[in-house]
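Overview (structure and organization)
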Amino acid sequence: MQMPNLKNNEFQMISDILLELYSMNDLKEIEHHFLMNVRALIPYNQSNFRAVSPDSGEVLKDGTVFIDTDAAMIPVFFHNIEPEKNYLKNLFNYRESIVYNETDLLDEDVRKNTEFYRDYLLPQKIPYSCGIILIEEEKLIGVISIFRSREWGDFTEKELFILNIFKNHLTKIIMRCLQRQKQTIVFEDSNLTPREREIAE
């Protein structure tokens with residue numbers, strides 16, 4: 001497959017976004033910054049970024065950001081990504097991070113009959129979805145989902161290529177944040193003095 005051509009300003013935008021992300025330490029700030037800024041490269045109607053505990057496999061509610069999503073639809077979203085309903089779950093078993101386009105995963109008739117399509121995508125008129133599954137050391141650490149209307153059309157090879165550029169960087173950045181959070185919890189549970197904690201960090 002031929003590599004899509006990116007313009008110089010697109011490469012510059014990617015570089016600027018990554019530079020900012022690497023300078024950040026707050027998980028939700030990182031997620032929000034990525035989703036808001038990647039929009040200039042990949043237009044979309046709504047998106048979300050869910051960090052996942054590599055130990056428990058549970059979505060971290062305090063590490064989840066939704067962009068332009070009706071608050072009433074967020075519980076519907078979480079209900080439909082339960083393991084028994086989530087048709088992306090096979091991607092969670094990959095050894096490394098992967099970019100996906102939903103229309104490449106399932107036959108269109110099958111996709112339109114899923115609960116996720118009927119309950120979440122169709123009512124909001126956002127039938128197209130792509131994203132990144134973040135995996136570090138064979139453990140799921142995050143999922144990025146991006147949604148688009150029929151008017152804007154399905155995601156292009158170029159847009160998926162852009163997500164692939166971000167993929168490994170985001171894996172490193174999110175894993176660093178998760179490790180720091182875990183370290184902080186351990187320190188808070190320990191008998192270290194504030195000064196000893198500062199040195200350890």
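In case you missed it, the structure is sitting above this.
**Quick look at the overall build of the protein**
For the protein, the helix and strand inventory stands at eight helices and five strands. Since a compact globule built from 201 residues should have a radius of gyration of about 17 Å, the 18 Å found for the protein is in line with a globular shape. On the principal axes, the C-alpha backbone points of the protein span a range of 60 × 45 × 30 Å. Buried positions account for 45% of the 201 residues belonging to the protein. Expressed as a percentage of contacts within the protein between residues at least 6 apart in sequence, the contacts between residues at least 24 apart total 64%. Of note, the protein has its 23 positive side-chain charges centred 2 Å away from the centre of its 33 negative side-chain charges.

**Re the pairing of strand β4 (residues 128–136)**
Taken across its nine residues, β4 has eight buried, putting it largely inside the fold. With four bridges connecting them, strand β3 (residues 98–101) and β4 associate as antiparallel partners. For Val99, the partnering residue across the bridge sits in β4 and is Ile132. Between β4 and the antiparallel strand that follows it, strand β5 (residues 139–148), lie two residues; Glu137 among them carries a positive phi value of about 50 degrees.

**Describing the layout of surface pockets**
Each pocket or cavity is described by its volume, and for the largest pocket that value is around 380 Å³. Residue lining of the largest pocket: 16 residues in total, with Gly57, Val59, Ile81, Glu82 and Pro83 positioned closest to the centre. Of all the secondary structure elements, the ones that give two or more residues to the lining of the largest pocket are β1 (46–52), β2 (59–67) and β5. Taken as a whole, the second largest pocket holds about 240 Å³ of empty space. Listed by contribution, the elements that provide at least two residues to the lining of the second largest pocket are β2 and α7 (157–189).

**Considerations on the environment of Val143**
With respect to the helices and strands, Val143 occurs in strand β5. Since its relative accessible area comes to 3%, Val143 is described here as buried. Here the alpha-carbon distance between Val143 and Met24, two residues 119 residues apart in the chain, equals 19 Å.

About the thresholds
Residues numbered from 1 in each chain as written. Predicted model: local features only at pLDDT ≥ 70, side-chain atom pairs only at ≥ 80, totals over all residues. Heavy atoms only, no water. Helix = DSSP H or I, 4+ residues; strand = E, 2+ residues; numbered from the N terminus. Rg over C-alpha atoms; globule rule 2.2 N^0.38 Å. Buried < 20%, exposed > 50% of the residue type's maximum accessible area, 1.4 Å probe, protein only. Contact = heavy atoms within 4.5 Å. Lys, Arg positive; Asp, Glu negative; His and termini not counted. Charge placed at Lys NZ, Arg CZ, Asp CG, Glu CD. Pairing = 2+ DSSP bridges. 1 Å grid on protein atoms, 1.4 Å probe; cavity = no way out; pocket = protein on both sides within 12 Å on 5 of 7 lines; lining within 4 Å. Points joined across faces, edges and corners; volume = space filled by probe spheres on them.

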